[in-house]
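# Structural overview
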Amino acid sequence: FQHFTGFKNWPVPCDKESAVEWSESMQGVGELADRYRNSPLMHESVPDSLKPAMYKDGLRIAFPEPTKPIRAPRVRPPSAKKAEKLVLMRTQQGPIPRAHPM
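Just so you know, the residues in each chain are numbered from 1, in the order the chain's sequence is written. Totals for whole chains, interfaces and linings use all residues, but because this is a predicted model, local features are given only for residues with pLDDT of at least 70 and pairs of side-chain atoms are given and counted only at 80 or more. As a rule here, side-chain values cover all heavy atoms of the structure and leave hydrogens and water aside.

Take the overall build of the protein chain next. Counting from the N terminus, the helices are DSSP H or I runs at least four residues long and the strands are E runs at least two residues long. Within the protein chain, the regular secondary structure consists of two helices and two strands. Walking the protein chain from its N terminus toward its C terminus, one meets helices and strands in the order α-β-β-α. For each residue, the accessible area found with a 1.4 Å probe, counting protein chains only, is set against the maximum for its type, and the residue is called buried under 20%, exposed over 50%, and partly exposed in between. Across the 102 residues in the protein chain, those meeting the buried criterion constitute 11%. Note on contacts: a residue pair qualifies if any of its non-hydrogen atoms lie within 4.5 Å across the two residues. Taking as baseline every contact in the protein chain between residues at least 6 positions apart, the subset at least 24 positions apart corresponds to 39%. For the protein chain, the computed accessible surface area is about 9,900 Å², with 57% contributed by carbon and sulfur atoms. Each accessible area value is a Shrake-Rupley result obtained with a 1.4 Å probe; residue values ignore everything except the protein chains displayed when judging cover.

The following block contains the structure:
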């Protein structure tokens, strides 16, 4: 805890300090692996870069296999505010170029 508490020597300009707290709900690699092994995050449609990962001696190791079929993650529609931003961005960029048929 003390090693990381108060860390502020970030490789980019930043005024933030790290804080470390003990988790009351889950402790240990086994509990965390059990929490995510059947999660929609582990579905084949999710890019590997977004999935939880486990490491041993600095090398990535295989995540425990799921114990049941994994459902695809639910994709929520964007909030009204985010949708408004997307529309605004698209109108500022102009029409989307389309390929011309030959």
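Turning next to the pattern of salt bridges. Within this document, salt bridges are pairs made up of a side-chain nitrogen of Lys or Arg and a carboxyl oxygen of Asp or Glu, the two lying within 4 Å of each other. In total, this model carries three salt bridges according to the counting rule given. Between Arg-37 and Asp-34 there is a salt bridge, with its nearest N and O atoms 3.0 Å apart. Of the two residues, Arg-37 and Asp-34 both sit in helix α1 (residues 29-37), three residues apart, roughly one turn of that helix. For Asp-34, a relative accessible area of 46% puts it in the partly exposed group. A salt bridge links Asp-48 to Arg-60, with the nearest nitrogen and oxygen atoms 3.1 Å apart.

Turning our attention to unusual backbone geometry. The backbone of Asp-57 shows a phi angle near 55 degrees, a positive value even though the residue is not glycine. In this fold, Asp-57 is placed in the loop between β1 (54-56) and β2 (59-61). Taking the relative accessible area as the measure of exposure, Asp-57 reaches 74% and is therefore exposed.

It is worth spelling out the environment of Ser-18 at this point. As for its position among the elements, Ser-18 is in the segment before α1. Residues Ser-18 and Phe-4 lie 14 residues apart in sequence; the distance between their C-alpha atoms is 6.7 Å. If we skip the residues at most four places from it in the chain, Ser-18 touches Phe-4, Thr-5, Gly-6, Phe-7 and Trp-10.

This paragraph deals with a nonpolar patch on the surface. Together, Phe-7, Trp-10 and Val-12 make up an exposed nonpolar region whose accessible area comes to about 260 Å². A relative accessible area of 33% places Phe-7 in the partly exposed class. Every patch collects residues that have over 30% relative accessible area and no salt bridge, joining them within 9 Å if they carry like charges and within 5 Å if they are nonpolar side chains (Val, Leu, Ile, Met, Phe, Trp, Tyr).

Looking at where Ala-33 falls in the secondary structure, it is placed in helix α1. Judged by relative accessible area, Ala-33 falls into the buried class, the value being 7%. When residues no more than four places from it in sequence are discounted, the contact partners of Ala-33 are Met-54, Phe-63 and Pro-64.

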